[in-house]
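# Commentary on secondary and tertiary structure
Take a look at the letters that make up each chain.
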Amino acid sequence: MPELKDVHKNRLDRFRQRMEEAGAEAVIILKPENRAYLSGFEGSAGMLLITKNQALLLVDFRYLEQAKNQAPHFEIIQYRQPLSETLRRVFQELNLEMVGFEQDYVTWEQYEIWTTRLGDLVEFIPLPDLTQKLRMVKGAEELKAIMEAVAIADSAFLDILPLIRPGFQERELAVELEYAMRRRGAQAMAFETIVASGPRSSLPHGAPTERVLQAGDLVIIDFGAKCQGYCSDCTRTVSIGPPTPKQREIYDLVQRAQDAALKAISPGVPASRVDAVARQIINEQGYGETFGHSLGHGVGRVVHEEPTLINRDQTILQPGMVVTVEPGVYLPGWGGVRIEDLVVVTTSGCEVLTHCIKGLSIT
Ligand SMILES: [Mn+2]
């Protein structure tokens with residue numbers, strides 16, 4: 001495995017190439033996931049300023065020592081409020097005339113402050129997120145972190161399996177699952193755990209409530225751990241007690257759609273194609289309208305990133321991309337089923353990373 005320092009140098013090189021293609025001479029990076037990806041700095045506040053030849057990390061007093069340790073190939077600059085005074089000095093020293101920024105992250109207010117205080121010196125140029133495209137293909141060190149997060153979540157689910165029975169609340173289940181993930185080493189949750197039972201399981205993103213599980217329920221549990229900055233994502237649907245024929249029918253349909261999508265994932269295939277494969281199977285059984293979300297999404301430093309497995313995403317899959325495959329069927333008043341696994345695209349297909357126990361009748 002390459003040294004972390006080289007990893008970040010390489011990322012910076014590739015970013016500069018993108019920056020040049022976009023016609024920018026300097027770019028400010030503020031999105032925490034992009035900041036960490038390019039520099040290695042994991043703090044919660046700070047700004048990167050990247051030019052053709054310079055890489056600066058501006059932080060306040062709280063993060064000075066951490067920045068020096070985590071981003072050795074960046075020049076660390078400590079700022080005091082207002083940041084604009086430090087920026088003025090830096091822009092002047094570097095002789096900058098135009099500075100790009102992440103247009104989907106910087107607020108209108110922030111932009112107004114910059115242009116009011118520094119508009120006489122530089123022009124601020126809105127740019128699409130250049131870093132996110134680089135982040136789609138994961139390196140060995142990133143895959144390792146994702147697999148660690150997956151392993152933590154997988155075993156945490158096994159820990160709480162005995163609690164998925166009549167008498168337990170959705171909220172209690174979610175709390176126990178989150179505690180199990182933390183106890184097993186998760187630095188945080190990848191997102192807020194979803195537990196939706198009985199008729200509530202038709203809510204694709206049902207936040208856990210005080211509803212008590214009952215025999216005959218379907219329960220959707222969607223959960224993920226975060227480890228070394230990287231997320232996992234997994235959904236299981238289980239029945240409390242023996243499933244009804246209809247529960248079995250819908251579950252098997254969703255599982256067939258997922259199996260077909262997993263087989264369709266291969267380098268060179270557009271993301272949209274994988275969604276179409278799963279959707280066709282659900283459409284054929286007349287449930288097309290009840291599968292109202294995309295088939296899957298990229299996962300990395302954030303739980304929803306590019307590419308998206310959806311009809312409008314023409315991204316060509318490449319080895320190293322990590323995506324979820326999560327078809328679902330939701331019938332208001334009755335309940336729902338979603339089955340989600342996390343996969344990495346390989347040179348010949350894909351490898352399923354989640355090994356979490358699976359099946360409608362596992363409780
Ligand atoms: Mn997901």
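Just so you know, these numbers come straight off a predicted model, no measurement behind them.

Helix and strand counts for the protein stand at 10 helices and 19 strands. Taking 363 residues into account, the globule formula puts the C-alpha radius of gyration at 21 Å, and the protein, at 23 Å, falls close to it. Dimensions of the protein along its principal axes, counting C-alpha atoms only, are 70 × 40 × 40 Å. In the protein, which comprises 363 residues, the proportion classed as buried is 56%. As presented, the protein carries roughly 16,000 Å² of accessible surface, and 50% of it is formed by carbon and sulfur atoms. Measuring between centres, the 38 positive side-chain charges of the protein sit 3 Å from its 48 negative side-chain charges.

Before going further, it helps to spend a moment on the packing of aromatic side chains. Tallied over the entire structure, the rule returns 7 aromatic pairs. Taking the centre distance of 5.7 Å and the plane angle of 80° together, the rings of F41 and Y63 count as edge-to-face. Here Y63 lies in the loop between β3 (55–59) and α3 (64–70) and F41 lies in the loop between α2 (32–39) and β2 (47–51), a separation of 22 residues in the sequence. Residue F41 is classed as buried on the basis of its relative accessible area, which comes to 0%. A residue is classified by how much of its surface remains accessible, and Y63, at 13% relative accessible area, is buried. Every member of this aromatic cluster is reached through a ring pair, and the members are F91, F101, W108, Y111, W114 and F124. Against the face of W334 rests K246, its NZ or CZ located 5.3 Å from the ring centre.

Judged by pairing direction, the sheet is antiparallel, and its 3 strands sit side by side in the order β7-β10-β11 without closing on themselves. Each edge of the open sheet carries a strand with a single partner, namely β7 (188–189) and β11 (230–231). Its contacts with the sheet place helix α7 (residues 140–160) against β10 (225–227) and β11, and it is angled at close to 140° to β10.

Scanning the entire structure with this criterion turns up 22 salt bridges. Here R211 makes a salt bridge to D217, at a shortest N to O gap of 2.7 Å. Judged by relative accessible area, D217 falls into the buried class, the value being 6%. D222 is paired through a salt bridge with R338; the nearest N and O atoms lie 3.0 Å apart. Linking D222 in strand β9 (residues 218–223) with R338 in strand β17 (residues 335–338), this pair joins segments that are 116 residues apart in sequence. Of the two residues, D222 and R338, both sit in the buried class.

Strand order in the open sheet formed by 3 strands is β8-β9-β12, with antiparallel pairing between adjacent strands. Two strands in the sheet have a free side with no partner beyond their single neighbour: β8 (194–197) and β12 (234–239). Neighbour-to-neighbour, the strand axes of the sheet open up by a mean angle of 10°, direction not taken into account. Looking at chain direction, β9 and β12 are connected through 6 bridges and run antiparallel. The partner of V219 across the bridge, within β12, is V238.

A few words on the coordination of the manganese ion. Those protein atoms acting as donors to the manganese ion are D233 (OD), H297 (NE2), E326 (OE) and E340 (OE), and they sit at 2.1 to 2.3 Å. Donor residues binding the manganese ion come from one chain and are separated in sequence as D-x63-H-x28-E-x13-E. Of this pair, H297 sits in strand β13 (residues 296–298) while E340 sits in the loop between β17 and β18 (341–345), and the two are 43 residues apart along the sequence. Just as H297 is buried, E340 falls in that class too.

Attention shifts here to the nonpolar core. One finds F15, I50, L57, F74 and V322 to be the most contacted residues of the largest nonpolar core, which totals 36 residues. In terms of residues, this core owes the most to one element, α7, which gives 4 residues. Both domains that furnish three or more residues to this core are identified here as domain 1 (4–134) and domain 2 (140–352). Ignoring sequence-local partners within four residues, the contact set of L57 consists of F41, M47, L48, A67, A71, F74, E75, I76 and I77. M136, I250, V254 and I282 belong to the second largest nonpolar core, which has 31 residues in total.

Moving on: the domain arrangement of the protein. Along its sequence, the protein is organised into domain 1 (4–134) and domain 2 (140–352). The gap between the C-alpha centroids of domain 1 and domain 2 is 35 Å. At the interface, 9 residues of domain 1 touch 7 residues of domain 2. Across the interface of domain 1 and domain 2, roughly 690 Å² is buried in total on both sides, 45% from carbon and sulfur atoms. Linking domain 1 with domain 2 are 4 salt bridges, by the criterion used here. Residues R11 and E142 are paired through a salt bridge, measuring 4.0 Å at the closest nitrogen-oxygen approach. Here domain 1 and domain 2 share 4 residue pairs in polar contact (both at pLDDT 80 or more) between them. Mapped onto the side of domain 1 that touches domain 2, the elements with two or more residues apiece are α1 (4–21), α2 and α6 (130–135). When the residues that make up the side of domain 1 that touches domain 2 are grouped by side-chain class, the tally is 4 nonpolar, 1 polar and 4 charged.

Quick notes on the rules
- Residues numbered from 1 in each chain as written.
- Predicted model: local features only at pLDDT ≥ 70, side-chain atom pairs only at ≥ 80, totals over all residues.
- Heavy atoms only, no water.
- Helix = DSSP H or I, 4+ residues; strand = E, 2+ residues; numbered from the N terminus.
- Rg over C-alpha atoms; globule rule 2.2 N^0.38 Å.
- Buried < 20%, exposed > 50% of the residue type's maximum accessible area, 1.4 Å probe, protein only.
- Areas by Shrake-Rupley, 256 points an atom, 1.4 Å probe, with all protein chains shown as cover.
- Lys, Arg positive; Asp, Glu negative; His and termini not counted.
- Charge placed at Lys NZ, Arg CZ, Asp CG, Glu CD.
- Phe/Tyr/Trp six-rings, centres within 6.5 Å; stacked < 30°, edge-to-face > 60°.
- Lys NZ or Arg CZ within 6 Å of the ring centre and 35° of its normal.
- Pairing = 2+ DSSP bridges.
- Contact = heavy atoms within 4.5 Å.
- Axes fitted to C-alpha atoms, helices over the stretch in contact; angles between N-to-C directions.
- Salt bridge = Lys/Arg side-chain N within 4 Å of Asp/Glu carboxyl O.
- Donors = N, O, S within 2.8 Å, 3.2 Å for Na, K, Ca; no water.
- Core = buried A, V, L, I, M, F, W, Y, C linked by side-chain atoms within 4.5 Å.
- Domains from an automatic or database assignment.
- Buried area = accessible area lost by both parts, 1.4 Å probe.
- Polar contact = N/O pair within 3.5 Å; in protein donor to acceptor, adjacent residues only side chain to side chain.
- Nonpolar A, V, L, I, M, F, W, Y, C, P; charged D, E, K, R; others polar.

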